[in-house]
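# Remarks on the overall topology
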Amino acid sequence: MSLLIDHLDKRFGTTVALDGLAFEVPGGQVFGFLGANGAGKTTTMRIVLGVLQADRGTVTWNGIDSRVLPRATWGYLPEERGLYPRMVVVDQLAYFASLYGLAPDRARREALHWLTRFRVPELGSRRAEELSKGNQQKIQLIAAILHDPQVLLMDEPFTGLDPVNVALLREAFLELRDQGRTLIFSTHQMETVEALCESIAIVDRGRVVIGGAVRDIRRAAGQRLVRIAVEGDHKLAWIDEVPGVRILRPGFDRTEIELDVGVEPDAVLAAAIRRGVRVTHFEVVDASLEQIFIDHVGRPPDEDLHLAPSTELSDPNPATRIASDEPAA
Amino acid sequence: MNADRAPGRDEPLLPNAGIIARREYGGLVRSRLFFVSTLVLTGLAMFVALLPIVAKLVDRESRTTVAIVASDPELLDRSMAVLQGLLDQTGGGFDLVVVDDEQDAIARVSDRELDAAIVAVRRPTGQLGFSFHLGETMGQQQITNLTVGVFGVAVVDYVAQNPASSFKQPGVEVFRALGDGNGGSQPFDASAFASRLIVGAVFGFLIFITIVIYGMWVAQGVVAEKSSRVMELLISAASTRQLVIGKALGIGLAGATQTAIVLAPALVVLVVEDALARLVLGQGVGLGSSISSLSPGLLLAFAGFYVLGFALYSLIYAAAGSLVSRPEDLQIIALPLSIVAIAGYGMGLLALTGGITGFIRIASYVPFWSPFVMLTRLSVGRVEPWELLLSVSLLVATIAIVGVIAIRIYAAGVLLYGQRPGLRAYVEAARHG
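Figured I'd write up the structure that's included with this text. (Residues numbered from 1 in each chain as written. Chains lettered and ligands numbered in written order. Predicted model: local features only at pLDDT ≥ 70, side-chain atom pairs only at ≥ 80, totals over all residues.)

Here we take up the overall build of chain B. Along its length, chain B carries 15 helices and 4 strands. Counting every position in chain B, which comprises 433 residues, the buried fraction comes to 38%. Put simply, of all contacts in chain B between residues at least 6 apart along the chain, 77% involve residues at least 24 apart. (Helix = DSSP H or I, 4+ residues; strand = E, 2+ residues; numbered from the N terminus. Buried ≥ 20, exposed ≤ 12 C-beta atoms within 10 Å, placed from the backbone. Contact = placed C-beta atoms within 7 Å.)

This is the structure we're talking about:
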């Protein structure tokens, strides 16, 4: 039982969205589909759903072409959340489920059941426009699972959720997996991937750059990290003196340090002792998915979510700056 | 780019199109907009239905008063008798009054107390002379009526003066052109024709406004689903064919419901129109009810052309709606289609009032116009059976072709966000989906 994405090509005009994209999702797993914005994740999901057609390549679920499978095989949570704003929640949940073939009575019962499971039974009688963004997201997730699909495709399901709802969603994922469902989701949150996914595929410019079991990928990376905390010193400027070592992720509490292949973690600890600082935490871990992502894609997965580095303006005179911003005649 | 073209996926129209139609219908008829617009249109229809009575009431108040001044009593009596008799036949509402003095009559016309004065004199040669002194309220038709009237006075006077005359009243026969066919082209008397004119105008207006307004609602519904992003869920749950046809069906039924609600009280008014007129205007003032023109065949034609016309326009409106992401862009893309519909409605009105010219006849076969033009032609009763058959056949064939193209464009369009695809993209979408 697996979902096989077999060398998909897709172009939009002159833009290549998918370029021989290929990977396999083992059935009954939670699968992380990772990539920067525009890498081809949404296009792939739409092709799996049958909403788009690939120029070349096929998608099969348990050996059957996805294009002949009933729509109810799939549950879909799109990246762009959307509900009928003025429609009562339970009505629209029943509406979507009935389109997938559920009888109206059963659809309403299932809707109320899942609203209760997500601890929001009171939302059933409200209009969607009255709900918070997080609650709308829960309703959309319920809409995706109400008809009990075999495969759930979710585009950025954790975006915009508070930590409580993220935890709730994670729990729901694991429960669905335990029931034998296959879950595929895209995200920029690598911690979530590490916590939930057994397998991943990292995609860049329409191609899979690395894929497989998370454990295998991390081990194959051959890199290790050191997480260190030093009393009264969060900048760790002295780390520059250690060859083959660099700060990956600075932090007030703990700083993550990347080690080149062959560099032992002891080198960092020895440097700290030489410096005479007081080390309060020291931990050696395998390479993070984030680091693996950067290594393969060339930039962090959430780079688009942060400001670009500030650049110095050559002319400090504000008046001149404004004038120079105007387009040349 | 079309999920519907996926090989082998078996997706019948039902039940999903029915589920979608039910949601669209329920959402629309329960909306405040539907309630208010139904109320306004019902009031408007009642007003139109009552219009003949109102017109009669106003006409009764506005009569034309003409003074008759004659050079001798015999001429005066003859002028009064003949003119009164002839002018009553015109239905123009003339009141004739006798004024003794010519200058007094002219002064009263100047003072707008009288609409006109006719001064009749017998000249020494025996010839009669008539002078018309007209006020500003006299139109050309009324002057013609008065001219015919005084000619009648002259004839009667001549006969009276020459009893052994050889004058013979001419025989008059009236022939009406019946067209080149038989059946379906029956002449009507004036009142029946006027009645059909009213029914045709009402039906033409209703079918136009319903098709355009509800067609736009189809487009607006598609844009709303795109802009609220609920479209992403819909296209993964149902095929584009089910989505488009379900939406058009639901909104079309809502339109039909509103039309029925709007028409019902107006039809009741038309049924009791004659009795109502007698009540308001007094006994002896009948209207000749407009309901007599509402044959079951005409009602069936209205229903049929509504269904077919709406099907054609709503498919295109759905495709148009899929190509824009924001409601404010919809007017621009829907405008050409609205202009086509307005042109059809205009030609429908011409068919009612300006006769069936060659161009109007051809327009009544053109699928985008036939729902308006053929319907109004049917209202005034000048359609051959083969013409109706041709018109409906072309309309059905066009719906089938446009349906395939519109659904393909819709399938490609609903996934386009924030893009302005060029004409080539539309053509590609229509060709390949």
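Okay, back to it.
Here we come to the packing of helix α10 (residues 296–322) of chain B against helix α13 (residues 370–379) of chain B. Residue and element names in this part refer to chain B. Remark: α10 packs on α13, axes separated minimally by 10 Å, with the N-to-C direction vectors making an angle of 175 degrees. One element, α10, and the other, α13, form an angle in the roughly antiparallel class. Seen from α10, the contacting residues are L298, A301, F302, F305, L308 and G309; seen from α13, they are P371, M374, L375, L378 and S379. Per-class residue counts for the contact of α10 with α13 are 9 nonpolar, 2 polar and no charged. (Axes fitted to C-alpha atoms, helices over the stretch in contact; angles between N-to-C directions. Parallel < 35°, antiparallel > 145°, perpendicular 65-115°, else oblique. Nonpolar A, V, L, I, M, F, W, Y, C, P; charged D, E, K, R; others polar.)

Residue and element names in this part refer to chain A. Of all 9 residues that make up helix α1 (residues 41–49), 9 are buried, and the element is covered over most of its length. Of all the residues in α1, the buried ones are K41, T42, T43, T44, M45, R46, I47, V48 and L49. Two residues or fewer past α1, G50 is found with a positive phi of approximately 90 degrees.

Counting residues at the interface gives 23 residues for chain A, matched by 21 residues for chain B. Secondary-structure elements contributing two or more residues to the side of chain A that touches chain B are β6 (74–77) and α2 (89–99) of chain A. A breakdown of the residues in the side of chain A that touches chain B according to their chemical character gives 15 nonpolar, 4 polar and 4 charged.

All names here are of chain B. Its 22 residues place the ends of helix α5 (residues 140–161) 31 Å apart at the C-alpha level, agreeing with the 32 Å of an ideal helix rising 1.5 Å per residue. Considered for burial, the residues of α5 that qualify are Q142, L146, G149, V150 and V153. Take α5 and look down its axis: the buried residues cluster within an arc of 95 degrees, on one side only. Facing away from the buried side of α5 by over 90 degrees, the exposed positions are Q140, Q141, T144, T147 and V159. (Expected span 1.5 Å × (residues − 1). Arc of directions from axis to C-beta.)

All right, on to unusual backbone geometry then. Residue and element names in this part refer to chain A. Within the chain, E156 stands out as a residue other than glycine whose phi angle is a positive 55 degrees. Among the residues examined, E156 registers 20 C-beta atoms within 10 Å and is labelled buried. Phi angles above zero are rare outside glycine, and L236 is one such case at about 50 degrees. Relative to the helices and strands, L236 resides in the loop between β11 (224–230) and β12 (245–249).

Here we take up the sheet that holds β11 of chain A. Residues and elements named next belong to chain A. With antiparallel pairing, 4 strands are arranged side by side in an open sheet as β12-β13-β11-β14. The sheet terminates laterally at β12 and β14 (279–286), the two strands that pair on one side only. Adjacent strand axes in the sheet meet at a mean angle of 30 degrees when their direction is disregarded. As paired elements, β11 and strand β13 (residues 255–259) share 5 bridges and run antiparallel to each other. Its bridge partner being in β13, I228 is matched across the sheet by T255. (Pairing = 2+ DSSP bridges.)

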